[in-house]
Structure formats: structure tokens, C-alpha cells
Amino acid sequence: MKPTNNRLFRLQRRPQGQVTENDLEWVEESIGELAAGQALIRTLYLSLDPTNRVWMSQLRSYIPPVELGAVMRGLGVGQVVESRRDDLPVGAFVLGFTGWQEYCVADDSILEFPFTVLPDPLPAPLPAFLGVLGHTGISAFIGIELGDPAPDETVVVSAAAGAVGSIAGQLAKQRGARVVGIAGGADKCRHLVEELGFDACVDRHSDDWREQLDAATPDGVDVDFENVGGPIMDHVLGRLNIGARVTLCGLISEYDTYSENGEVPGLRNANQLLMQRATLRGFIVTDHIDRYAEIIGKLAAALGEGSLTYDETIVEGLENARETLNDALSGGTRGKAVIQVASPVG
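Since the model is a prediction, treat every value here as computed from it, not as a measurement.

Q: Please clarify how the pairing of strand β4 (residues 76-83) should be interpreted in this entry.
A: The two faces of the sheet receive side chains in turn, since in a regular strand these alternate between them. In the sheet, strand β3 (residues 39-48) pairs with β4 via 7 bridges, with the strands oriented antiparallel. Note on β4: the bridge partner recorded for Arg42 is Gln79. Pairing analysis gives 4 bridges linking β4 to strand β5 (residues 93-96), with the strands arranged antiparallel. If you follow Gln79 over to β5, its bridge partner there is Phe93.

This is the structure in C-alpha cells:
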């Protein structure tokens, strides 16, 4: 039976701090008839990422902010339920910008990031294509590749229990590096060391986290895989070795601080990039679309060999997306945060 109603989140104002119901409004709307060249996609799994918070702000970014009144932007895995286009057949599983909604109409207006039909049969569970075999796993791969850690060099990974950091640390270990994670809470730190193979982990919730980090990096830091920014990044910069590499993947700690004028906190130890002749390289995963198939193949092979593992936090119900994003940004989730919107058919 064809669906007639769609439930979704619309961005009504730019958040100040955590996202509230006044920022993202939960509404129900009717679904119209498809036009030629359109397909109706049911969202099955929605990816929750720190960049969602960036898109809600007016920060200058790699794509424009979500417009006020628009459906909240988000990446998802869906299933085609009705189609008037040959490249998106009914029943196919697809990956793309579904948005924070139960149903998405795919047409030529989203060709900049078109939907991709997933392989049949699937090589992994559907949520994995939003995590380890999706943009977060690819981000980890690219960031470690750019940092290029050598055997016995020290790599620090912030937000190490998150979707990107947990994979990045494992990839650095595969290169023979010594890997120090920074994560929130003793349980996460224990998991990273005992189950994911990190050499050490610093609990950022501890009052003495700076002393912990100093003790865990007695020979300094050669590669900083940076996901957090703020005071943590600042302290890591103060421990860089000569010729160190900083790969800047994210600045999670700052995303809730973005105000209407886009002001963000500064760094005090940025001078160490000069003094240690270090390099800092920011990267965006969508700049490497031409390598997605290659990288996914390598990650899938590592999963199959058992040399790579991943964590997920899956929450049921699209209506819980707003609260789950806040939870993820504050470190309340482990691994990839995903909303299960619906179950596949067939």
C-alpha cells in the first residue's frame, strides 16, 4: 500500500547550544503523487553525525547550511517503494541524503549527491553502510593515510570511541604505530584498550586528563587524528614532535558553541605547529568520492579477516533523532550512532 503521510523534522531556528524542539520541529505532512523522474524512498536507517550540528548553524562549511523551514539534512539508507526512474528500481536498497524524514522524494534536484544503489547481495548489515563501510569508515581510512604513521610512532586519536576514531585507531595499529585514545569515561577507555587494541586511553572526564595524556605520550606525539578541537586539541598540540602531522577530521567540542555570528573558541598552542615544523591538514570525506569503492573494499576485507571491528549505537524511532544527536555530541553513545526508522520489506 502506498504511504500517504510523512513524518519529519524541519529546522525552524539555528540552535544555541544543544538542539531543542523549538529548533527542530517534528511534523507530519502528506505525500503527493510522483512526477516523471522521481522515486519515493523509505528511510530505514538514519546516520547521526557531528556535522549535522554544523549544518544547522550558519558556519561557513563545505556545503551550505540547512535553510530555515527546510527538512533537516541527513544521510541515510533507504528502500525504494515507488519509482518513475530506471536507476532506482522498486525494492532496491539505496544510500544517500534521505533527510530526517520517513520518506524522501529523489529527483534531479539532489544530483550533486545522488542516491547509490547498494550491492545485491549485501556484504554487510544495512547500518554498516552508514558506519564502517560508509562515510565514517572512509573518513578514518583517509585521515590515517594522510597522517601516514610509521611503525613505533605515537598516534593520538581524540573522540576515540566514536564512529571515526575507533576505526582510525585500529587502522593506525595495523601500521605498527603506538595508539593512544582519548575518550569519555572509564568504560570506553577499557573497551578501546582491551577490545580494540589501543595501547592506552585517556579519560577526558577525569580532572587529571592532561597528566594522563602526558604520561601516555612520554615520547611526544607524531600524529594527531583530531576529532574534538578545543582544550584537548590544544594540549595535544603542545606535545607534538618535530615533523608531526595533524589530520583534522572534526571539532566536535565546538559544534554546540557556534552562535549566529559563527564565533568559535581559539587555540593557545597553535604556535607549536610552527616550532615543531608540523603540518595540519583538514579533509572532507566527500572530496574523495572517486576512492569510495577502493576504500570500502579494503575495509570490508579487514572486517572479513577479523582484523577490524566496529561499534554501533542503534536507537529505534525517528522521533528520537534530536535527543540522540545531543547524546552523541556529548559523548553518550559508543561507535556509530544510527536511528532505525523502519524495517526493510522483502
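So that's the structure; there's more coming.
Q: Help me out: how do you make sense of the sheet that holds strand β13 (residues 279-282) in this one?
A: In a beta sheet, neighbouring strands are held together by backbone hydrogen bonds and run either parallel or antiparallel to one another. Ordered in space as β10-β9-β8-β11-β12-β13, the 6 strands form an open sheet in which the pairing is parallel. In this open sheet, the two edge strands, each paired with only one partner strand, are β10 (200-203) and β13. Ignoring which end each strand starts from, the neighbouring axes of this sheet average 15 degrees apart. Relative to β10, strand β9 (residues 178-183) runs parallel, the two being bridged by 4 bridges. Across the sheet, Ile182 pairs through a bridge with Val202, a residue of β10.

Q: Explain the packing of helix α2 (residues 135-147) against helix α3 (residues 163-174) here, please?
A: In a pair of packed helices, the angle between the axes and the distance between the axes together describe the arrangement. The N-to-C vectors of α2 and α3 enclose an angle of 45 degrees; their axes lie 8 Å apart at closest approach. Put simply, α2 runs oblique to α3. α3 is crossed by α2, and the crossing has right-handed handedness. In this structure, α2 contributes Thr136, Ser139, Ala140, Phe141 and Ile144 to the contact, and α3 contributes Ala163, Val164, Ile167, Ala168, Leu171 and Ala172. For the contact of α2 with α3, the residue count by class is 9 nonpolar, 2 polar and no charged.

About the criteria used
- Residues numbered from 1 in each chain as written.
- Predicted model: local features only at pLDDT ≥ 70, side-chain atom pairs only at ≥ 80, totals over all residues.
- Heavy atoms only, no water.
- Pairing = 2+ DSSP bridges.
- Helix = DSSP H or I, 4+ residues; strand = E, 2+ residues; numbered from the N terminus.
- Axes fitted to C-alpha atoms, helices over the stretch in contact; angles between N-to-C directions.
- Parallel < 35°, antiparallel > 145°, perpendicular 65-115°, else oblique.
- Left-handed = near helix turned anticlockwise from the far one by under 90°.
- Contact = heavy atoms within 4.5 Å.
- Nonpolar A, V, L, I, M, F, W, Y, C, P; charged D, E, K, R; others polar.

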